[in-house]
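Okay, here's what each chain looks like letter by letter:
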Amino acid sequence: MPELPEVHTTVEGLKETVIGLTISDVWTNYKSLYPPYKNQIKNPSFFNKFKKEVIGTTITSAERRHKNILIHLSSGKTILIHMKMTGHLLYGHYIQTKDGNTKSQAPKNKQWKNATWKPHPAERESLHDPFNRHLRLVFTFSNNKQLVLSDMRKFAKVTLLDTPTLHESDELSPLGPEPLEKTFTFKVFQERILKKPTAPIKTVLMDQTIIAGIGNIYSDEILFMAGVHPESIPKNIPEEKLQDIFSHIKPTLKKGIRFGGDSTSDYRDITGSKGSFQGKHNAYRKTGEVCSKNDGGEIVRKVVRGRSAHFCSKHQTKY
Ligand SMILES: [Zn+2]
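What comes next is a walk through the structure. Given the structure is predicted, the values throughout are model-derived calculations rather than measurements.

Mapping Lys157 onto the fold places it in strand S10 (residues 157-162). For Lys157, a relative accessible area of 19% puts it in the buried group. When the C-alpha positions of Lys157 and Tyr34 are compared, they lie 13 Å apart, and in sequence the two are 123 residues distant. Beyond its immediate chain neighbours, meaning those up to four positions away, Lys157 contacts Gln40, Leu80, Ile81, His82, Lys84 and Glu171. Only 3.3 Å separates the side chain of Lys157 from the side chain of Glu171, close enough to count as a polar contact.

Inspection of the entire model under this criterion finds eleven aromatic pairs. Look at Tyr34 and Tyr37: their rings are 5.2 Å apart centre to centre, the planes differ by 75°, and that puts the pair in the edge-to-face class. Ring centres of Phe47 and Phe50 lie 6.2 Å apart, and the angle between their planes is 25°; this geometry places the pair in the stacked category. In this pair, Phe47 and Phe50 both sit in helix H2 (residues 44-54), three residues apart, roughly one turn of the helix. Three or more aromatic residues joined by ring pairs make a cluster, and in this case those are Phe184, Phe186, Phe189 and Phe246. Above the ring of Tyr37, the side-chain terminus of Lys42 is found at 4.4 Å from the ring centroid. Note that Arg268 overlies the ring of Phe131, its terminal NZ or CZ placed 4.5 Å from the centroid.

Criteria and thresholds
Residues numbered from 1 in each chain as written. Predicted model: local features only at pLDDT ≥ 70, side-chain atom pairs only at ≥ 80, totals over all residues. Heavy atoms only, no water. Helix = DSSP H or I, 4+ residues; strand = E, 2+ residues; numbered from the N terminus. Buried < 20%, exposed > 50% of the residue type's maximum accessible area, 1.4 Å probe, protein only. Contact = heavy atoms within 4.5 Å. Polar contact = N/O pair within 3.5 Å; in protein donor to acceptor, adjacent residues only side chain to side chain. Phe/Tyr/Trp six-rings, centres within 6.5 Å; stacked < 30°, edge-to-face > 60°. Lys NZ or Arg CZ within 6 Å of the ring centre and 35° of its normal.

Keep in mind these numbers describe shape, not what the thing actually does.
Dropping the structure here:
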């Protein structure tokens with residue numbers, strides 16, 4: 001699942017491409033009457049309202065909050081996109097086709113019932129990557145280009161919120177502080193972590209109500225760097241070790257951003273290209289490999305509260 005660095009990378013891509021563009025059409029093939037989706041575009045009646053609200057509006061800015069992408073509109077509304085497991089946004093020139101054959105392009109102002117979308121044959125190669133071809137949502141702009149959501153497993157969440165009260169919404173109000181903000185100090189970190197004194201530290205780092213944006217990959221990497229076993233419990237971790245964890249949060253997330261995010265799974269940036277943080281892991285999915293600290297340890301995998309933790313058998317102490 002995309003974490004803070006991947007969502008950050010996508011938002012930076014949005015800032016370079018879609019700001020100032022006016023939405024002229026929206027298309028989706030998500031369709032579900034499952035009750036929890038009633039305020040998401042997966043629900044057809046919500047999608048109809050969504051469509052009416054967004055067509056004709058201009059994108060004024062984009063930002064990230066936790067793992068959510070926020071696209072602000074000139075109408076005072078904000079599109080919230082959570083990419084979940086396999087979702088990612090792509091920008092380019094797409095064409096609608098009846099059956100996947102680009103020669104049978106839809107006539108203007110006519111939408112085929114079972115239409116699909118494809119990147120224009122002249123578009124960059126990365127957009128043609130099979131990972132980028134599961135198109136579920138397509139925004140068409142006045143410049144005739146598209147912002148599309150590729151989402152193989154269809155878990156992504158897309159909804160519309162009022163911009164002025166955004167941070168009081170059910171989606172955003174329960175979230176913990178942003179770890180890259182200056183206000184995220186050791187004192188704040190310690191106070192947040194100790195709200196779950198007896199849960200495994202990996203689980204606590206990944207709890208979005210405690211700290212926003214850290215998931216499976218970056219929690220493994222942070223704990224590796226700090227030399228703390230993922231099953232350590234916060235109340236037993238000495239203060240200097242908590243300091244070590246804290247001191248590796250910002251650099252690890254910033255490193256993820258510097259390498260354009262992590263594409264171990266489906267994540268791609270807005271041009272359809274892979275990030276490269278997956279080549280920089282010390283622990284995540286390194287099971288059986290020798291520890292990069294050359295301490296005689298090897299990376300082992302253990303399920304901690306339902307999630308795979310990867311850690312060195314030697315230098316990560318359990319408290
Ligand atoms: Zn080690």
